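Survey of secondary and tertiary structure
Chain by chain, the residues:
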Amino acid sequence: MTHSALAPEEVARLKKAATAASLATATVMIGLKVGAWAITDSISVLTSMMDSILDFSVGLMNFVAVRKALSPANRFHRFGFGKVEPLAVLAEAVFLFGVAIMIIIEAIDRLRHPHPISHAELGAWAMAAVIVLTIGLLIYQRHVIRKTGSLVVQADAIHYAADVMIHVGIIFSLLLSDLAGVFWVDSAFACGVAFYLVWNAKTILSESVGILLDGELPDNERHKIRDLALSHPEVKGVHDLRTRSAGPQKFIQLHVEMNPNLSLRDAHRYTEETIDLILAAYPDAEVQIHEEPVGMPRHRSWCAEAGPIIPGQYAGPKD
Ligand SMILES: [Zn+2]
Ligand SMILES: [Zn+2]
């Protein structure tokens, strides 16, 4: 793959630059859309401005995440503040659901009492500027994705590509309202954009809720963590693997089984080595391992209810 050829510092630099570009673009877009909305009084422009506000906050979250500028843990919050971001996004997504409903109500009202659009041409020019800006961002993001394979940048790019279509639609609806005097087009299109906004907010909402409710890492990651622990020659079994993430930071905890006749000194050393094996693959993680003699009866298994480490796989003594 192309991206493995780059030095890690270069990959980090590109990811940082991409999140900065995305944030800057969203900021300029909000400005252009506020202007376009004030001039035209178009409800579809207003709706797409709301979408840009959501894009801005997601951009801000990614910007902070790749810089790890999270507030450090303190005496009263020893796990840090990684959940501040998903919490903020949750609040915002809920707010935008409300905004979308209000927009749909307003759009229906305007359908019944047509509302003229003023200076549609100026509004269309502003939206054209937004499109040019978005395409510039997409070209840059493509470059970064090719070099780094970053999933965060990829998700961002998919969203901005869909935004381009929305913006083209808004230009058409502005011009149609103005040139042909069919003012209902703006309201009808605004309803469409409002649904798009809800769909966008829903995706982000489910991600945030997953983090806030300590969602497990995906099965393939759990599988990888388990195999990393088992790759240590002294680790005879692994069970009670639990994972969660708070923004960029991951928390990984598991039990490992070792030879019962090891000294505490050796058992501790092998455990530290196992932690290092996992940290090599998850440098941002906090890893906690409890070691115990192989084959001990599990009188206190916190994960018994949740089943084996990977459902349907390795349902043997090592789980
Ligand atoms: Zn958007
Ligand atoms: Zn155990």
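Report on the accompanying structure. (Residues numbered from 1 in each chain as written. Chains lettered and ligands numbered in written order. Predicted model: local features only at pLDDT ≥ 70, side-chain atom pairs only at ≥ 80, totals over all residues. Heavy atoms only, no water.)

On to unusual backbone geometry, then. Of note, D214 is a non-glycine position whose phi angle comes to about 55 degrees, a positive value. Residue position: D214 is located in the loop between α6 (184-212) and α7 (219-230). You will see that D240, though not glycine, has its phi angle at about 50 degrees, which is positive. Looking at where D240 falls in the secondary structure, it is placed in strand β1 (residues 237-246). (Helix = DSSP H or I, 4+ residues; strand = E, 2+ residues; numbered from the N terminus.)

Another point: the coordination of the zinc ion (ligand 1). At this site the zinc ion (ligand 1) is bound by D51 (OD), D55 (OD), H159 (NE2), D163 (OD) and D163 (OD), with donor distances of 1.9 to 2.7 Å. Read in sequence order, the donor residues for the zinc ion (ligand 1) give the motif D-x3-D-x103-H-x3-D. Residue D51 and its partner D55 are located together in helix α2 (residues 43-67), separated by four residues, close to a single helical turn. The same class applies to D51 and to D55, which are both buried. (Donors = N, O, S within 2.8 Å, 3.2 Å for Na, K, Ca; no water. Buried < 20%, exposed > 50% of the residue type's maximum accessible area, 1.4 Å probe, protein only.)

Next up on the list: the sheet that holds β1. Across the sheet, three strands lie side by side as β1-β2-β3; this open sheet has mixed pairing. Each having just a single partner strand, β1 and β3 (285-293) make up the two edges of the open sheet. Across the sheet, the mean angle from the axis of one strand to that of its neighbour is 10 degrees, orientation sign disregarded. Helix-sheet contacts for α7 involve β1 and β2 (249-258), and the interaxial angle to β1 is about 135 degrees. Strands in contact with helix α8 (residues 264-281) are β2 and β3; relative to β3, the strand with the most contacts, it is inclined by about 145 degrees. (Pairing = 2+ DSSP bridges. Axes fitted to C-alpha atoms, helices over the stretch in contact; angles between N-to-C directions. Contact = heavy atoms within 4.5 Å.)

Now for the pattern of salt bridges. Under the criterion given, the structure shown has six salt bridges. Between R226 and D227 there is a salt bridge, with its nearest N and O atoms 3.4 Å apart. Of the residues examined, R226 reaches a relative accessible area of 1% and is grouped as buried. The partner of R269 in a salt bridge is E273, with the nearest N and O atoms 3.4 Å apart. Residue R269 and its partner E273 are located together in helix α8, separated by four residues, close to a single helical turn. Judged by relative accessible area, which is 41%, R269 ranks as partly exposed. One salt-bridge network, held together by shared partners, links D266, R269 and E273. (Salt bridge = Lys/Arg side-chain N within 4 Å of Asp/Glu carboxyl O.)

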